[in-house]
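Residue-level listing of the chains:
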Amino acid sequence: MSIQLNINNAGLRAHELEFVRPQVEAAFKTVTEKSGAGHEMLGWLDLPETYDREEFARIKAAAKRIQAQSKVLVAIGIGGSYLGARAGLEFVKGPFGNQLGEKGVEVYFAGSNLSSDYLQNIFDVIGERDFSVNVISKSGTTTEPAVAFRFFKEKLEAKYGKEGSKERIYVTTDAKKGALRGLAVAEGYETFVVPDNIGGRFSCLSAVGLLPMAAGGMDIDQVMQGCADACKAYANPDLMSNDAMKYAATRFIMLMKGKKVEILASYEPSLTMFGEWYKQLMAESEGKDNKGIFPVSANFTTDLHSIGQFIQDGSRMLFETVLWVKNAKHELKVPHDPANVDGLNFASGVPVAEINEKAMKGTLLAHVDGGTPNLLITIDRLDDYGFGELCYFFWKSLAISGYMIGVNPFNQPGVEAYKKNMFALLGKPGYEDAKGALEERLKSLS
């Protein structure tokens, strides 16, 4: 495996992992045997063996058509319907992947908010260039992507006509039912499946994430190979030999010690969106019944100049998990300046990656000395294989962790509350009775 977990700086006492061994092994067994709450959503657990090979081939073929017909793909989705694909593309191609003109089309993401300015920005970026759309929604009625799809469908039909637009709209939705499935069948769009047994935040290695990633130039064969190798490695039932179990156990110990916040910190901007993906995975899975660890992500060294003070010297409610990339893709060395105006000549000729590593190690020492427990997850490099591997590592750890704290890691009952209020305030049919009361409550708050 290219993933290594180091918990030497987590502040654990010698006996603590052994003390929680019964809980973590019981949770591992619950996951493996698919016997716990939400077990019907464990389709990701053996995904490398069970995924639909025929659909996988169609995804690769569709990605090639998109690359041939368009310069831009707009992927429309929210939550798990976009975070994984965006995280993967930036993980492999970096934050400037769209601008660098590498293999694959430019991929932009819509439907994750309700901002008219954001939508207009995407229209402006596309300009007169050819584009395609991949709309991703199990139901087709989720407000944010439904609004965005109306706009992009209208633009496609105006540009290419009703018939021409059919060749540029790709739909990822429920296999049999739902508004989007009905529309796709009626209009003749090519369709891919949102699996029934895989929740949104676990879906990035299904058609949900694979099509945008493949169109954007990722090698999805390597992504799935990384996932497959992780699946085998983390099937080991021994706590001390399974880093996914050990990470879950350590997080549980942190929570028992009152550490209610976990910061996933990385030192590569390419991991910014992976941090966003991690936040949804952890928060939506564990944040129930007044339980769970609150997940945050940070980009160092940038955020050391903002929240670094709090991590170092604030309330001791948090712990850090550092996601470290061992091998940088490029070697850049600090230039020599004869005038040495900035006093930096002590680092002349030193690779920037080495300075970054020293910053990481210096920060780790400082934060541990300040009383912040640190976990270190090291990955070899930012590539397609590593993305698939790392996704599975976090999935497996999270599932074990959720059962350890006593929640169903695979539902999200609290997400629906804001939607009901929004629908009522908008006057959606069926919600009229609640509108007046909500408006009165809002008046009292203003």
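That block above? That's the structure.
Residues numbered from 1 in each chain as written. Predicted model: local features only at pLDDT ≥ 70, side-chain atom pairs only at ≥ 80, totals over all residues. Heavy atoms only, no water.

Q: How would you sum up the overall build of the protein? Please name residues and give values.
A: Helix and strand counts for the protein stand at 16 helices and ten strands. Relative to the globule expectation of 22 Å for 446 residues, the C-alpha radius of gyration of the protein, 23 Å, shows essentially globular dimensions. If you line up the protein on its principal axes, its C-alpha atoms span 65 × 60 × 55 Å. Split into buried and exposed, the 446 residues of the protein put 51% on the buried side. By sequence separation, contacts in the protein at least 24 residues apart represent 78% of the contacts at least 6 residues apart. Positive and negative side-chain charges of the protein, numbering 49 and 55 respectively, have mean locations separated by a distance of 3 Å. (Helix = DSSP H or I, 4+ residues; strand = E, 2+ residues; numbered from the N terminus. Rg over C-alpha atoms; globule rule 2.2 N^0.38 Å. Buried < 20%, exposed > 50% of the residue type's maximum accessible area, 1.4 Å probe, protein only. Contact = heavy atoms within 4.5 Å. Lys, Arg positive; Asp, Glu negative; His and termini not counted. Charge placed at Lys NZ, Arg CZ, Asp CG, Glu CD.)

Q: Before we move on, can you summarise the state of the cysteines with the specific residues and values?
A: Applying the stated rule across the entire model yields zero disulfides. C204 takes part in no disulfide bond, and the closest cysteine sulfur, belonging to C391, lies 3.8 Å away. Given a relative accessible area of 1%, C204 falls into the buried group. (Disulfide = S-S within 2.5 Å.)

Q: Lay out the side chain of E389 with the relevant residues and their values.
A: Looking at where E389 falls in the secondary structure, it is placed in helix α14 (residues 384-405). Apart from residues lying up to four places away in sequence, E389 is in contact with M1, S2, I3, G226, C227 and A230.

Q: Outline the sheet that holds strand β5 (residues 169-173), supporting the account with residue identities and numerical values.
A: Spatially, the five strands line up as an open sheet ordered β3-β2-β4-β5-β6, and their pairing is parallel. Because the sheet does not close on itself, it has two edges, and the strands there are β3 (106-110) and β6 (190-193). Across this sheet, the average inter-strand angle for adjacent strands is 20 degrees, counted without regard to direction. Examined bridge by bridge, β5 and β6 share four bridges and lie parallel to one another. Bridge pairing in β6 places V171 opposite T191. In the packing of helix α5 (residues 116-126) onto the sheet, contacts are made with β2 (72-76), β3 and β4 (131-136), and the angle to β3 comes to roughly 160 degrees. Relative to β4, helix α8 (residues 207-215) is tilted by about 165 degrees, and along the sheet it contacts β2, β3, β4, β5 and β6. (Pairing = 2+ DSSP bridges. Axes fitted to C-alpha atoms, helices over the stretch in contact; angles between N-to-C directions.)

Q: For unusual backbone geometry, give the residues involved together with the corresponding values.
A: With omega at 10 degrees, the peptide bond leading from F300 into T301 counts as cis. Mapped onto the secondary structure, T301 falls in the loop between β8 (294-299) and α12 (308-313). Positive phi, close to 55 degrees, is recorded for D289, a residue that is not glycine. For D289, the position within the fold is in the loop between α11 (272-286) and β8. Relative accessible area serves as the criterion here: at 59%, D289 is assigned to the exposed category. Residue N290 is not a glycine yet carries a positive backbone phi of 60 degrees. Tracing the backbone shows N290 in the loop between α11 and β8.

Q: Mind laying out the packing of aromatic side chains, listing which residues take part and the relevant values?
A: In total, this model carries 28 aromatic pairs according to the counting rule given. Ring geometry for F91 versus F274: centroids 6.0 Å apart, planes at 50 degrees, classification tilted. Of this pair, F91 sits in helix α4 (residues 83-93) while F274 sits in helix α11, and the two are 183 residues apart along the sequence. By relative accessible area, F91 is classed as buried at 0%. According to the relative accessible area criterion, F274 is buried, its value standing at 0%. Aromatic pair F274 and W277: ring centres 5.0 Å apart, planes at 40 degrees, arrangement tilted. With F274 and W277 both in helix α11 and three residues apart, the pair spans about one turn of that helix. Like W277, F274 is buried. In this structure an aromatic cluster arises from ring pairing among F91, Y234, Y247, F274, W277, Y278, F387, F393 and F394. (Phe/Tyr/Trp six-rings, centres within 6.5 Å; stacked < 30°, edge-to-face > 60°.)

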